[in-house]
Amino acid sequence: MTNTMSNTITKTQSPEAIVMVRPHRFVSNPETMADNAFQYACKSKNAALSAYHEVTEAVASLQEKGVTVHVFEDKSTATPDSVFPNNWFSTHHNGTLVQYPMYAPNRRNEYRQDIMDFLIEHYGYQTTINLRHHADEQAFLEGTGSIVFDHQHNIAYAARSKRTNESLFRRICRDMGYQAVLFDAMDENGVPIYHTNVMMCVSTRFVMIGMDMVAEKDRPALFSLFQQSGLSVIHLSNQQIRHFCGNAIELRGTDDNILALSHTAFSALTTPQKLLIEASVTLLPLAIPTIESAGGSVRCMIAGVHRSTLAQ
């Protein structure tokens, strides 16, 4: 990369296009129940139909705000968590697609070449990094579930867990030119947080984080990075994390940036928190109660399409 402004890649935190997968046979995945404390068995006899409609309505709400949503259908019975595509691939401003090794064996069935081919054809990604084979070595890294990227400041955050291999995390950060920031985080019962993105959301101007879950030894470094990055810190309680307040994502709409989150999360935020958030983005709550039984929320349902933009 040269130093001329015309060849400088401008990185934005909020993508204007996203990928979502609409499941036809949704079920709360039994293979992920053991280490996902946010998950519970959905006993509804109409869970699959409810999840299908929840995705359909979420897509419509996002499109109404001007977000480009690429929807892919999943009719398989072998992919209970396909509604969460952000875990198996990510896109980057430098023209790279990354595919990740998944912890649960049945989640490895979610990989879809048609999605990769679509992104390469329509958005011009030139490089693919395929880490999927590391699952055979019991080394896992689950995309933007494991990693919360601050694209503007070239920082990547990750909470240690069995789903986040430190070596692979550092490798991706090195390849992408990001500073790797690892920390320990546990719930009130001492259980490691399974995915970083359930407790942390980085927006253009603020970060929402369950700091009480972060190990005390790691808090000063995080606060220092947030301060250096100019991000306001919105503290989330453990109970708010349980209600998926940290599992949100900033997107670019037609008129302004939006923060997509679930109705569950929206209802758990306090009025002062909402006012702080709405100073820079428009809150867009989406109703996905059935999908949340699988232990993930709106952020997990959205794979951002980050593409390179050359500064003028």
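What counts, and at which threshold
Residues numbered from 1 in each chain as written. Predicted model: local features only at pLDDT ≥ 70, side-chain atom pairs only at ≥ 80, totals over all residues. Heavy atoms only, no water. Core = buried A, V, L, I, M, F, W, Y, C linked by side-chain atoms within 4.5 Å. Buried < 20%, exposed > 50% of the residue type's maximum accessible area, 1.4 Å probe, protein only. Helix = DSSP H or I, 4+ residues; strand = E, 2+ residues; numbered from the N terminus. Pairing = 2+ DSSP bridges. Axes fitted to C-alpha atoms, helices over the stretch in contact; angles between N-to-C directions. Contact = heavy atoms within 4.5 Å. Phe/Tyr/Trp six-rings, centres within 6.5 Å; stacked < 30°, edge-to-face > 60°.

**Q** Any chance you could break down the nonpolar core for me, citing the residues and the numbers?
**A** Judged by nonpolar contacts, the single largest core of 37 residues is most densely connected at Tyr 157, Met 199 and Met 200. Counting residues per element, the ones that place at least two in this core are strand E8 (155-159), strand E9 (179-183), strand E10 (200-202), strand E11 (206-209), helix H5 (219-228) and strand E14 (257-262). Sorting elements by how many residues they give to this core places E11 first, with four residues.

**Q** How would you summarise the sheet that holds E9 if you had to cite specific residues and measurements?
**A** Taken together, three strands build an open sheet; the order of strands is E7-E8-E9 and the sheet is mixed. In this open sheet, the two strands that pair with only one neighbour each are strand E7 (147-150) and E9. This sheet shows a mean twist of 20 degrees between the axes of neighbouring strands, independent of strand direction. Across four bridges, the pairing between E7 and E8 is antiparallel. Counterpart to Phe 149 in the pairing with E8 is Ala 156. Packed onto the sheet, helix H4 (residues 166-176) meets E7, E8 and E9 and runs at close to 155 degrees relative to E9.

**Q** Summarise the packing of aromatic side chains; cite the residues concerned and give the values.
**A** Applying the stated rule across the entire model yields six aromatic pairs. Aromatic pair Phe 72 and Phe 118: ring centres 5.6 Å apart, planes at 80 degrees, arrangement edge-to-face. Linking Phe 72 in strand E3 (residues 68-74) with Phe 118 in helix H2 (residues 113-123), this pair joins segments that are 46 residues apart in sequence. Comparing Phe 72 with Phe 118, the two get one shared label, buried. For the pair Tyr 157 and Phe 226, a centre-to-centre distance of 5.7 Å together with 50 degrees between the ring planes defines the contact as tilted. Here Tyr 157, found in strand E8, pairs with Phe 226, found in helix H5; they are 69 residues apart in sequence, far enough to count as distant. Assessed through its relative accessible area of 0%, Tyr 157 is described here as buried. The class for Phe 226 is buried, based on a relative accessible area of 0%.

**Q** Would you mind going over the pairing of E7 in detail, with residue names and values included?
**A** Taking every second residue as pointing to the same face, both faces of E7 are buried, with Ile 147 and Phe 149 on one and Val 148 and Asp 150 on the other. The hairpin formed by E7 and E8 contains four residues between the paired strands, and Asn 154 there has a positive phi angle of roughly 55 degrees.

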